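Coordinate inspection notes
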Amino acid sequence: MKTYGIVLGSSHARISYALPGGNVGSISTTDGSNSLEPVLFIGKNECIVGTTAWESASESPERFFRDILQKLGTPWQKDIDGKVYTPESMASIIISRLIKDAEIYGYEVKDVVITCPAYFDESAQQALKRVGNLAGLNEVQVLAAPIAVAVANGYTISSPPKTLLVYNLGASLFEASVLKVDADGIHIISTATEQLGGQNWNAALQELVLTRLNAKFPEAGNPLSTPETANKLYHNIEKLKHMLSIKEEATASVFCPDDTIRKINIRREEFEAATRNLLERTHLITNEVLKVAAQKHHLQIIDHILLAGGACRMPQVMQTLCKECRLSREALAFSWEATNIQEAHGAALYANIMRRRQQGYAESGSLSLPKPRVISGTSTLFRPSGATAPVSLGIMVSLTGGEEYCYNLIRKGATLPASNSITIGPVPGNGTSIVIYANNDPGIMVPSTMCVYAAHLVCSYENYLRPDVVHYAGLKSGLYLEMQASGVLEIHFGATVCRLKPTSYKSLLQPEKKEHFIDELISFD
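Notes on the structure in this doc start here. (Residues numbered from 1 in each chain as written. Predicted model: local features only at pLDDT ≥ 70, side-chain atom pairs only at ≥ 80, totals over all residues. Heavy atoms only, no water.)

Considering the sheet that holds strand 2 (residues 13-18)
Note the threshold: What makes two strands pair is DSSP finding at least two bridges between them. The way it works is that DSSP assigns letters per residue, a run of H or I at least four long becomes a helix, a run of E at least two long becomes a strand, and they are numbered from the N terminus. Note on method: axes are straight lines fitted to C-alpha atoms, helices fitted across the in-contact stretch only, with angles between N-to-C directions ranging 0 to 180 degrees. Contact definition: two residues touch when any of their heavy atoms are within 4.5 Å.
An order of 3-2-1-9-10 is seen for the 5 strands of this open sheet, with the pairing classed as mixed. Looking at the sheet topology across the chains shown, the edges are occupied by strand 3 (24-26) and strand 10 (139-144). Across the sheet, the mean angle separating the axes of adjacent strands is 25° when strand polarity is ignored. One ladder, built from 3 bridges, connects strand 2 with strand 3; its direction is antiparallel. Residue pairing across strands places Ser16 opposite Ser26, the latter belonging to strand 3. The strands touched by helix 2 (residues 87-104) within the sheet are strand 1 (3-8) and strand 2, with strand 1 carrying the most contacts at an inclination of about 140°. Along the sheet, helix 11 (residues 342-358) contacts strand 1, strand 2, strand 3, strand 9 (111-116) and strand 10; its crossing angle with strand 1, the most-contacted strand, is approximately 145°.

This is the structure in structure tokens:
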């Protein structure tokens, strides 16, 4: 009897199956592909899922939705034609499409394992389970993506123990995780996730193309000025990125508002230079995850590195891994073919293993898992140099159900000087305050119990922020944090500037200081 695994990502949704003996495969959609683009257009009479949704998006962009996974577990919702759609109901429409397509090919999908990012808390995991139930599934198990990747690569139990690094660079999320595999199974030792992925590379490439277009053909107009040309630009930028992964130079066809098609040439070295900071960010996050594993769990050596996520196919990613770990290009060949399918295959295999355990079978024997396909490295990978942020600093947010988290803007270990900003909505009122918190975790969202008060600014949003009203805005507006190489933290909100000495927020991390209101401000203007 087959078991099934589902991935609902930012760039693709996919369903895989595993046979009782351990062989795995992908189930095609009725479009002829083995994955579905998880975008949704909600029309007056029907909901359109996949690539064809983009065609309707040009006419009614307010009915078009993407990146639904990131909204799960939040209070975000949308009223369309008098009906309220939540992230769960939207995601269930996409999953339902996958299931219906599978049924057309003769598969009966009722019980599944669905993967999720490792940072998903209980609220988000329960939301993902509700998605499956709304889509008509019976039993839904949620599995962290790093574990699914490990299972797909042949790791379920190991004696002697092995330590793995999973480097997962997807369309909109980057996740670095250290896993320990021993006789008891797979354990996530440390992990960090950031909203960083192929879409960020696309944005940098799009800016490069538009800058060149404006310089070469100023009369052509801005392709972003109309929904139709903007959608075509989006897809052509994605194609250009793929071409630059296999060619040193490629040409983008840009549909312009003046009804012309302009050709723009981009060299790979230009693209890599424009996105080097993005890649360095993944290195910093990875190194922090390795540090946590070494300091808290005494794991000094990474036995194997596993790559996942379609963005890992970019040459600059593989070249950096080869350089930092002193590996050959051939050592990474396996991941080129498997990056996009590992999570779904691993989820299906995990479901297979769980079923066999329920039936009293051991994991060895007739179950034939893939042979491990790995590259070796050590915990010295991506070692940063220079001054780094001694703690993470961020602002408190609240989730549905009352849970409070710190949304880190300056993250522990960031190379200094470091800066970041968010836009806060609705427009803040007078008489209330923004509170900055410190913690020792390099991740994005950290439970409030791990955070301590650092500083506050008057004239801000009266309630704790919700994730759906917090978004990055470069350095343009909103709350702006900057940490200098000296360690001094500057907090900007409008004309208000607060400067905090490094000794202040270092002392905050002592448990007895948790409720202490700091008064060691350098200045408060």
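Section: the environment of Ala293
Here Ala293 shows up in helix 8 (residues 276-297). Once the C-alpha coordinates of Ala293 and Val178 are considered, the two residues, 115 residues apart in sequence, prove to be 6.9 Å apart.

What about helix 4 (residues 145-152)?
An α-helical turn contains 3.6 residues, so any two residues separated by three or four positions project in the same direction. Here is the rule: Relative accessibility under 20% of the residue-type maximum defines a buried residue, over 50% an exposed one, and the middle range a partly exposed one, all with a 1.4 Å probe and only protein chains included.
Of all 8 residues in helix 4, 8 are buried, a share of seventy percent or more. The complete set of buried residues in helix 4 reads Ala145, Pro146, Ile147, Ala148, Val149, Ala150, Val151 and Ala152.

Description of the environment of Ser16
Just so we agree on the cut-off: Pairs of N or O atoms are called polar contacts if they sit within 3.5 Å, as long as, within protein, a hydrogen donor faces a hydrogen acceptor (for residues adjacent in sequence, only side-chain-to-side-chain pairs).
Following the sequence through the fold, Ser16 ends up in strand 2. In this structure, the C-alpha to C-alpha distance between Ser16 and Ala102, residues 86 residues apart in sequence, is 9.8 Å. Aside from chain neighbours lying at most four places away, what touches Ser16 is Thr3, Tyr4, Gly5, Gly25, Ser26, Ala344, His345 and Ala348. Here His345 takes part through its side chain, which lies 2.9 Å from a polar atom of the side chain of Ser16.

Quick word on the pattern of salt bridges
Our working definition: Salt bridge, as used here, is a side-chain nitrogen of Lys or Arg placed within 4 Å of a carboxyl oxygen of Asp or Glu.
The tally for this structure, following the rule as stated, stands at 14 salt bridges. As a salt-bridge pair, Arg262 and Glu219 come within 3.5 Å of each other at their nearest N and O atoms. Here the residue Arg262 occupies a position in strand 15 (residues 261-267), and Glu219 occupies one in the loop between helix 5 (198-216) and helix 6 (227-244), the gap between them amounting to 43 residues. Between Glu288 and Lys291 there is a salt bridge, and its shortest N-O distance comes to 3.5 Å. Taken as a pair, Glu288 and Lys291 lie in helix 8 at a separation of 3 residues, close to a single helical turn. Here Glu288 falls in the buried class, since its relative accessible area comes to 6%. Relative accessible area serves as the criterion here: at 23%, Lys291 is assigned to the partly exposed category. Residues joined in a network through salt bridges with shared partners are Arg212, Arg267, Glu269 and Glu270.

Quick word on the packing of helix 4 against helix 11
Put simply, the test is: Orientation labels follow simple angle bins: below 35 degrees gives roughly parallel, above 145 gives roughly antiparallel, 65 to 115 gives roughly perpendicular, and whatever is left gives oblique. We call Asp, Glu, Lys and Arg charged. Ala, Val, Leu, Ile, Met, Phe, Trp, Tyr, Cys and Pro are nonpolar, and the rest, Gly among them, are polar.
Two elements in contact, helix 4 and helix 11, have axes whose closest approach is 7 Å; the angle formed by their N-to-C orientations is 80°. Taken together, the axis directions place helix 4 and helix 11 in an arrangement best described as roughly perpendicular. The segment helix 4 lies against helix 11, with Ala145, Ala148, Val149, Val151 and Ala152 engaging Gln342, Glu343, Gly346, Ala347, Leu349, Tyr350 and Ile353. When grouped by side-chain class, the residues that make up the contact of helix 4 with helix 11 number 9 nonpolar, 2 polar and 1 charged.

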